[in-house]
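The lines below spell out each chain.
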Amino acid sequence: MNDVTHIVNDIKNGALKPIYFLMGEEPYYIDKISEYIEKNVLDESEKGFNQVVMYGRDVSIDEIVSSAKRYPMMADRQVIIVKEAQDLSRTIDKIESYASNPQPTTVLVFNYKYKKLDKRKKAYKAIAKNGLIYESKKLYENQVADWIRKVLGGKKYNIEPKASQMLVEFLGTDLSKISNELDKLISVLPAETIINPSHIEENIGISKDFNNFELRKAVGQKDVVKANRIINYFAQNPKNNPLVMTISLLNSFFTQMLMYHGLKDKSKGSVAKTLGVNPYFVDDYATAGRNYPMRKVSQIIGLLRDADVKSKGVGANAMPQSDILKELLFKILH
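Note that the structure is predicted; figures quoted are calculated from it, not measured.

A. Region of the structure containing the packing of aromatic side chains. In total, this model carries 10 aromatic pairs according to the counting rule given. Considering the side-chain rings of F213 and F281, the 5.4 Å spacing of their centres and the 70° angle between planes classify their relative orientation as edge-to-face. One end of the pair, F213, is in helix α11 (residues 212-221); the other, F281, is in the loop between α14 (268-275) and α15 (282-291), and 68 residues separate them in sequence. Residue F213 shares its accessibility class with F281, and that shared class is buried. Consider the rings of F254 and Y292, whose centres lie 5.4 Å apart with planes at 85°: the pair is edge-to-face. Residue F254 is found in helix α13 (residues 243-262), and its partner Y292 is found in the loop between α15 and α16 (294-311); the two are separated by 38 residues along the sequence. Overall, F254 belongs to the buried group, its relative accessible area being 0%. An aromatic cluster is defined as three or more aromatic residues linked by ring pairs; in this entry it consists of F253, F254, Y285 and Y292. The positively charged end of K222 is found above the aromatic ring belonging to Y292, 5.1 Å away from the centroid.

B. Up close: the sheet that holds strand β5 (residues 132-135). Read from one edge of the open sheet, five strands run β2-β3-β4-β1-β5, paired in parallel fashion. Across the chains shown, the open sheet's two edge strands, defined by having one partner strand only, are β2 (51-55) and β5. Adjacent strand axes in the sheet meet at a mean angle of 15° when their direction is disregarded. Here five bridges tie strand β3 (residues 78-83) to strand β4 (residues 106-113), and the two strands are oriented parallel to one another. Each bridged residue has a counterpart across the sheet, and for V82 the counterpart in β4 is F110.

C. α11, seen in detail. In terms of burial, α11 is largely enclosed, as eight of its 10 residues are buried. Turning to α11, its buried residues number three or more, namely N212, F213, E214, L215, R216, A218, V219 and G220. Contact partners of the buried residues in α11: α8 (161-171), α12 (224-236), α13, α15 and α17 (321-333). Where α11 ends, the next residue or the one after it, K222, has phi of about 55°, a positive value.

D. Examining the pattern of salt bridges more closely. All told, the structure shown has 20 salt bridges when counted by the stated rule. For D62, the salt bridge is made with K94, and the minimal N-O distance between the two is 3.6 Å. On the criterion of sequence distance, the pair formed by D62 in helix α4 (residues 61-68) and K94 in the loop between β3 and α5 (96-100) is long-range, its members being 32 residues apart.

Scoring rules and cut-offs
- Residues numbered from 1 in each chain as written.
- Predicted model: local features only at pLDDT ≥ 70, side-chain atom pairs only at ≥ 80, totals over all residues.
- Heavy atoms only, no water.
- Phe/Tyr/Trp six-rings, centres within 6.5 Å; stacked < 30°, edge-to-face > 60°.
- Helix = DSSP H or I, 4+ residues; strand = E, 2+ residues; numbered from the N terminus.
- Buried < 20%, exposed > 50% of the residue type's maximum accessible area, 1.4 Å probe, protein only.
- Lys NZ or Arg CZ within 6 Å of the ring centre and 35° of its normal.
- Pairing = 2+ DSSP bridges.
- Axes fitted to C-alpha atoms, helices over the stretch in contact; angles between N-to-C directions.
- Contact = heavy atoms within 4.5 Å.
- Salt bridge = Lys/Arg side-chain N within 4 Å of Asp/Glu carboxyl O.

Nothing here speaks to function; it is all geometry.
As structure tokens, then:
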């Protein structure tokens, strides 16, 4: 996020690069930087003649270079944005010649999503020397809650740890999806609001009581009644609670429990740092640690693998997903 802020501030201050090569697995920031350039580098009166949006599937590198070499009309510069530039991956190395001597009055932007340029290639080195290469890396799941907090903090909102965890467990690590949901919240809640699970439930539709976070907590506490209530809710709402997601999150939890049992220092700070979790959740691991010794945790990870295979239709004789989850929970909790 700091790199993006730096890039945007340079553009605001007029320190423009002739080439912006935006690449990597996380499309959110690629789109954000590209959109900022598209909206702000030229005045509205200049865009008609001097701003072009191309798509990788429709153009060649030669056509892009030809356009980039043109001079702007009645403006100091022109902007060319190549969206879905990853469709040019087979020929992208041909940009090296232009990147070695780019047109100073052109701002050429490549949105090269889900792929990366090879750092050993001449094209990469030429762009890095004369332009800017930004790699947008996918966040790990344990980093997303902190990202949510920072984004909301920048807009004068705060969020409770459980509320951010609900968003992560329901939406995964797709920052674009999460950003859209945060925008919904911001549109209905006043600034300075501390967003809580009820806000998430009321405005996004994620149940604050029946979700994977609460299931994991109930399992950790060996609360059989609550766990069964949640999986019965899941059985009635399978589209919003896919089994594969539940198994994945439980597997992550018990894998972290193995790490927890291996820790010599079980202080809150040490556990939070090692497991990559918010200190708010450390007590949940301490409780689960008392309920599940290391040998049982190892057995549970084996059970989760078996359930994952069954959920994919292997050796389960078309067993309903809800029954697979009920069987799994029975074996974990007993």
